[in-house]
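Descriptive analysis of the structure
These are the residues of each chain, in order.
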Amino acid sequence: MALNQQLNAHVRFMYDQGLLEELQFDQLQQLKDANNPDFIVDVITLFCEDTDRILGELDKYKGAPVLDCYKVGAYVHQLKGSSSSVGAQRVTLACVNFRQAFEENDMDRCRQAVNMISEEYSKIRKEFEKMVQGSAHGMLAKHTAEK
């Protein structure tokens, strides 16, 4: 199977698994042009670098006897925006779950949501890494086939 087909199949797998929101990621891919052929790779790389940094900050709060939901909430809000913009749908949903738990003053669910954010990010990061590795060959194309 050609590399381009493998990448398209991988993106389809991510859609099917609910890791990636199809409409948002397709819109993101439309922003790629001849002047910036590595746009998707750049966006994914920035998303991962930023999320790694934010999760590092969240780790400082996770072990505390009392979760500082206001500080954690600010970080989760940032993650919700960035994950939504790249189509990382399960990360976005975990962020929404945190917000709902926070609004209901349910600290146990807040902790669970923070852990879920980390777990869901770990899953999509692994899949994004595969995409970026494939694109290193200049083959990351807009996913169009199998729709």
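As annotated in an unreviewed UniProt entry, the protein is Histidine-containing phosphotransfer protein from Kingdonia uniflora. Checking UniProt for the protein, the heading Function (unreviewed entry) contains the comment "Functions as a two-component phosphorelay mediators between cytokinin sensor histidine kinases and response regulators (B-type ARRs). Plays an important role in propagating cytokinin signal transduction."

1. Examining the packing of helix H3 (residues 39-62) against helix H6 (residues 107-135)
Between H3 and H6, the least distance of the axes is 10 Å, while the angle of their chain directions is 155 degrees. Viewed along their axes, H3 and H6 adopt a mutual orientation that is roughly antiparallel. Seen from above, H3 lies across H6 with left-handed handedness. Together, Val41, Ile44, Phe47, Cys48, Thr51, Asp52, Leu55, Tyr61 and Lys62 of H3 and Arg111, Val114, Asn115, Ile117, Ser118, Tyr121, Arg125, Phe128, Met131, Val132 and Ser135 of H6 make up the contact between the two elements.

2. What about the pattern of salt bridges?
On inspection of all chains with the given rule, the structure shows 13 salt bridges. Asp16 serves as the salt-bridge partner of Arg12, at 3.6 Å between the closest nitrogen and oxygen. With a gap of four residues between them, Arg12 and Asp16 both fall in helix H1 (residues 3-16), about one helical turn apart. The residue Arg99 makes a salt bridge to Glu103 at a minimum N-O spacing of 3.3 Å. Remark: Glu103 and Arg99 occur in helix H5 (residues 89-103); sequence separation between them is four residues, near one turn of the helix. Residue Arg99 is classed as partly exposed on the basis of its relative accessible area, which comes to 42%. For Glu103, a relative accessible area of 57% gives the class exposed.

The rules behind each value
Residues numbered from 1 in each chain as written. Predicted model: local features only at pLDDT ≥ 70, side-chain atom pairs only at ≥ 80, totals over all residues. Heavy atoms only, no water. UniProt positions renumbered as here; feature names shortened; annotations may be inferred. Axes fitted to C-alpha atoms, helices over the stretch in contact; angles between N-to-C directions. Helix = DSSP H or I, 4+ residues; strand = E, 2+ residues; numbered from the N terminus. Parallel < 35°, antiparallel > 145°, perpendicular 65-115°, else oblique. Left-handed = near helix turned anticlockwise from the far one by under 90°. Contact = heavy atoms within 4.5 Å. Salt bridge = Lys/Arg side-chain N within 4 Å of Asp/Glu carboxyl O. Buried < 20%, exposed > 50% of the residue type's maximum accessible area, 1.4 Å probe, protein only.

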